[in-house]
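Commentary on secondary and tertiary structure
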Amino acid sequence: MEQTSTQTGDQGLEKSVARLTPDQIAKTLGEILKSEGGARLKAYVKTCMSCGLCADACHFYLSHENDPRFSPAGKVKQTIAPLLKKKGAVDPEFIKRAALVAFTQCNLCKRCVMYCPFGVDVAWLMLFVRRLCSRLGVVPQYIQDTAHSHSVTKNQMWVKEDEWIDTVFWQEEEAAEEVPGLTIPLEREGADIMYSVIAPEPKFRAQLIYQAAVMFHAAGVSWTMPATPGWDNSDMAMYTGENEIMGRLKRAHFEAAMRLRVKRIVMGECGHALRSVHDMGNRWLGWKTPPVPVTHAIEFYWELLESGKIRVAKKLKTPVTLHDPCNVARGLGLHEKARDVMAALCEDFVEMHPNREYNICCGAGGGVINCGPPHKAERLAASSAKAKQLFDARTRGARTIIAPCHNCHGGLEDIVEHHHLGMDLKFLGDVIYECMEKPWKKDEEEQGR
Amino acid sequence: MTKAYVFAAGPLLWVSVIVFAAGCLLRLGRLAWLARKKDRPVYAYMSAHYALRSIGRWLVPMGTESMRKHPVTTVVSFAFHAAVVLVPLFLFAHVLLFYEAFGISWWTLPEEAAYAGTLVVLAGLVYFFARRLIRPEVRYLSGPADFALLVLVALPFATGLWAFHHGPGVRVVMLLHVLSGEALLAAIPFTKLSHMFLFPFLRGYMGSEFGSVRHARDW
Amino acid sequence: MKPIRAKTILGAALVAVLALVSLTPAWGRDQAPPPVVSDSAFDHHRRRAAPFAHDEHNDLAAIEDCALCHHVVENGRVKEDEDSVGMECSECHGSGLPLIAAYHGRCKECHQETGLGPILCATCHTVPR
């Protein structure tokens, strides 16, 4: 076993660790462990029988040729277990290593939780380590910047309020050219649905807003989006362990929905945002379930297709496979609905194995891709397990991967390119937009005639 | 020797039983209190239905993906855990001693079954020991305490087997049998052996999280 | 390097366990079957009956009162000047656990009180199964 270098070139780790003194670490961590180190922390760390059964669950372990340091319990052994034993009195080098492990070697996908006889939640433990590191200011620079953006603008990408509104208008204009009479209703109080997206949509993938608008228009959905902060449902602060910021973000999100008096929130195809809205952010705010009902895009598409509000004109011919994102499958059990949607849209569906709850992680989630270029090589070094799974689906015909999650998209695109898999990636929304019946086209054709 | 045995099987046995029972209760109580203070979701999401669903699943051999991936370990583990609990509790000699002391008795294992169970326990421990040494992912996680724990569990069973066969030094071995059994009992609340009574709570909580929040399987 | 050492340890451990299991029943086989405590109520023996040489035991223990063991109990009291020599213990003590406990009560408790004589399972039931 060669020692992996901790020289990352990541200033968020290098510089901030250089500032730390052992006394500072002991004091800060000692305080948090005392105030937040609860029953789960103790029970998880102390009940682990170190049986190693979690190892096979982890794509880091599998991709690193079964290197035991990358097994879930192996990551606990390198981070929180000694930290707890020493009550936080560890040296700066330890903190750097722990941060590296917790931020870049675990996608928090919780696959290992399903393989542990006790259900020890290693993802929860890694998130706790992240929180400890964050309190010491030791966070990879890129994701820290994202969390800063959340804190300042309440969106992930430093999108200014007018930029958001401009982008929505721009997409409305474009879409209205295709679909006469289409609007993207900002700030329509009393609509049935508030549609929320993650900031990378207006920033990089504005066509997704366009497509959603077309779908909702065709289905006659009564919907709106807020023009104020709260339009972004994403949450990287959840992944840096800055729960306080997470709370502020979710509060803004829910309050926007309440202000608009909508019946529910429909979210775009994002995994981590669902985790934040449906699972973690609401808890931090003291809500057992979200105060405004939340529907993920998969479920909403399913409703639109089931109810016939959207009809499929022509099914997709290319053989496709489906990647079950951790946060929507293992996180909300939407894998069967996703398959129903696939069945309605695609002629040739190829399962990848394993699938559903057991699917292998894309390698990008849990904020790992958000740690940016300094860690990209490491991330791809841990991608062979996923690549094998994709390659297997490809040999059985699949050419397109449907991944209903932004992070998964990013991660899988990198994997496909790195391993020369020659597959392309789509969102479910892309396919629906492509295959749906568009009544206005008929009108146009008729008029043209 | 007689005096030492009488002391070990008398007052010392009481001590170990009290340490075991009080230790388990204290640890459970402390965790329950800590959870109330710092882990509110534990109480908020705990659901009897999903907890039992998960516990039940994980008590069925080969009932989970993890078990099916490791069939040998699963078989050994189930046999070991069944034997390690059943043999001491339902061994005729143990029940007889209890009957002579308190006039209460219960069903006992046939001698052949108890004998086989003891061998299963010891073979299981050898397997776990070997697994810790040989499998790199387990070896990496194993510290001296993990190996010591296996030895601690082995002692009362090995000495019991020895005494059953009237091996040499049976008097010393019987004393060791009683003492190591008591040490094992008293160690349960304070070592990783506490998984014995924490299992239903950990499993139940994760089952509840997966069932009622995540709507997904946790097996 | 390490795996080899691990396997050596394991091999040795396995041999030791196998040796223990396979060789142990041979211990004590060369003894001639001595007279034993017996009662017709014992239909099957969990352990072989304890060898018991009546006269030698009583000489050694200086027991002259037969009723010390062969007692007669009425209304929860041991009747003085009476003994039950010639009766089987099971006639009063029944069978199963109570009968076993009665035997153990006579032998083990006396041994424990006097500090003389065996009290461990294997020290009375000396013939392995």
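A few points on the structure. (Residues numbered from 1 in each chain as written. Chains lettered and ligands numbered in written order. Predicted model: local features only at pLDDT ≥ 70, side-chain atom pairs only at ≥ 80, totals over all residues. Heavy atoms only, no water.)

1. Points about the overall build of chain A
- The helix and strand inventory of chain A stands at 22 helices and eight strands.
- With the principal axes as the frame, chain A shows a C-alpha extent of 80 × 50 × 35 Å.
- Looking at chain A residue by residue over its 449 residues, the buried ones come to 65%.
- As displayed, chain A has an accessible area near 16,400 Å², and 51% of this comes from carbon and sulfur atoms.
- The centroid of the 56 positive side-chain charges in chain A is displaced by 7 Å from the centroid of its 56 negative side-chain charges. (Helix = DSSP H or I, 4+ residues; strand = E, 2+ residues; numbered from the N terminus. Buried < 20%, exposed > 50% of the residue type's maximum accessible area, 1.4 Å probe, protein only. Areas by Shrake-Rupley, 256 points an atom, 1.4 Å probe, with all protein chains shown as cover. Lys, Arg positive; Asp, Glu negative; His and termini not counted. Charge placed at Lys NZ, Arg CZ, Asp CG, Glu CD.)

2. Looking at the overall build of chain B
- Scanning chain B from terminus to terminus reveals twelve helices and zero strands.
- For chain B, the succession of helices and strands along the chain, N to C, is α-α-α-α-α-α-α-α-α-α-α-α.
- Taking the principal axes of the C-alpha coordinates as reference, chain B spans close to 60 × 40 × 35 Å.
- Relative to its full complement of 219 residues, chain B shows a buried share of 47%.
- Pairs at least 24 residues apart make up 63% of the contacts formed inside chain B by residues separated by at least 6 positions.
- By element, 76% of the accessible surface of chain B is carried by carbon and sulfur atoms, the whole surface being about 10,300 Å². (Contact = heavy atoms within 4.5 Å.)

3. Observations concerning the sheet that holds strand β7 (residues 400–402) of chain A
Residues and elements named next belong to chain A.
- Strand order in the open sheet made by the four strands is β6-β5-β7-β8, with parallel pairing throughout. The open sheet is flanked by β6 (349–350) and β8 (424–426), the only strands paired with a single partner.
- Relative to β8, β7 is paired through three bridges, and the arrangement is parallel. Paired with isoleucine 402 across the two strands is lysine 426, which belongs to β8.
- Packed onto the sheet, helix α17 (residues 335–345) meets β5 (320–322), β6 and β7 and runs at close to 170° relative to β5.
- Here helix α20 (residues 406–418) sits on the sheet in contact with β7 and β8, set at roughly 170° to β8. (Pairing = 2+ DSSP bridges. Axes fitted to C-alpha atoms, helices over the stretch in contact; angles between N-to-C directions.)

4. A look at helix α21 (residues 428–435) of chain A
Residue and element names in this part refer to chain A.
- Along α21, seven of the eight residues are buried, which leaves the element largely enclosed by surrounding structure.
- Buried residues of α21: Leu428, Gly429, Asp430, Val431, Ile432, Tyr433 and Cys435, and no others.
- Next to the buried residues of α21 lie α10 (161–178), α12 (206–219), α16 (297–306), α17, β7 and β8.

5. Structural notes on the arrangement of the chains
- Most contacts, among the two pairs of chains that meet, fall between chains A and B.
- Left apart from each other, chain A and chain C have a closest C-alpha approach of 13 Å.

6. Looking at the interface of chain C and chain B
- Taken residue by residue, the interface counts 29 residues in chain C and 32 residues in chain B.
- Around 2,900 Å² of area is buried between chain C and chain B when both sides are counted, 74% of it from carbon and sulfur atoms.
- Inspection of the region where chain C meets chain B yields seven residue pairs in polar contact (both at pLDDT 80 or more).
- Of all the elements in the fold, those that place two or more residues in the side of chain C that touches chain B are α1 (2–23), α4 (96–114) and α5 (121–124) of chain C.
- Here the side of chain C that touches chain B is built from residues that sort into 18 nonpolar, six polar and five charged. (Buried area = accessible area lost by both parts, 1.4 Å probe. Polar contact = N/O pair within 3.5 Å; in protein donor to acceptor, adjacent residues only side chain to side chain. Nonpolar A, V, L, I, M, F, W, Y, C, P; charged D, E, K, R; others polar.)

7. Overview of the pairing of strand β3 (residues 264–267) of chain A
All names here are of chain A.
- By the bridge criterion, four bridges tie strand β1 (residues 193–196) to β3 in an arrangement that is parallel. Following the sheet pairing, serine 196 is matched in β3 by methionine 267.
- Pairing of β3 with strand β4 (residues 294–296) involves three bridges; the strand directions are parallel. Bridge assignment links isoleucine 265 to a residue of β4, and that residue is valine 294.
- Handedness of the β3-helix α15 (residues 272–284)-β4 crossover: right-handed. (Right-handed = clockwise from strand over helix to strand, strands pointing away.)

Limitation: the analysis is restricted to geometry and does not speak to function.
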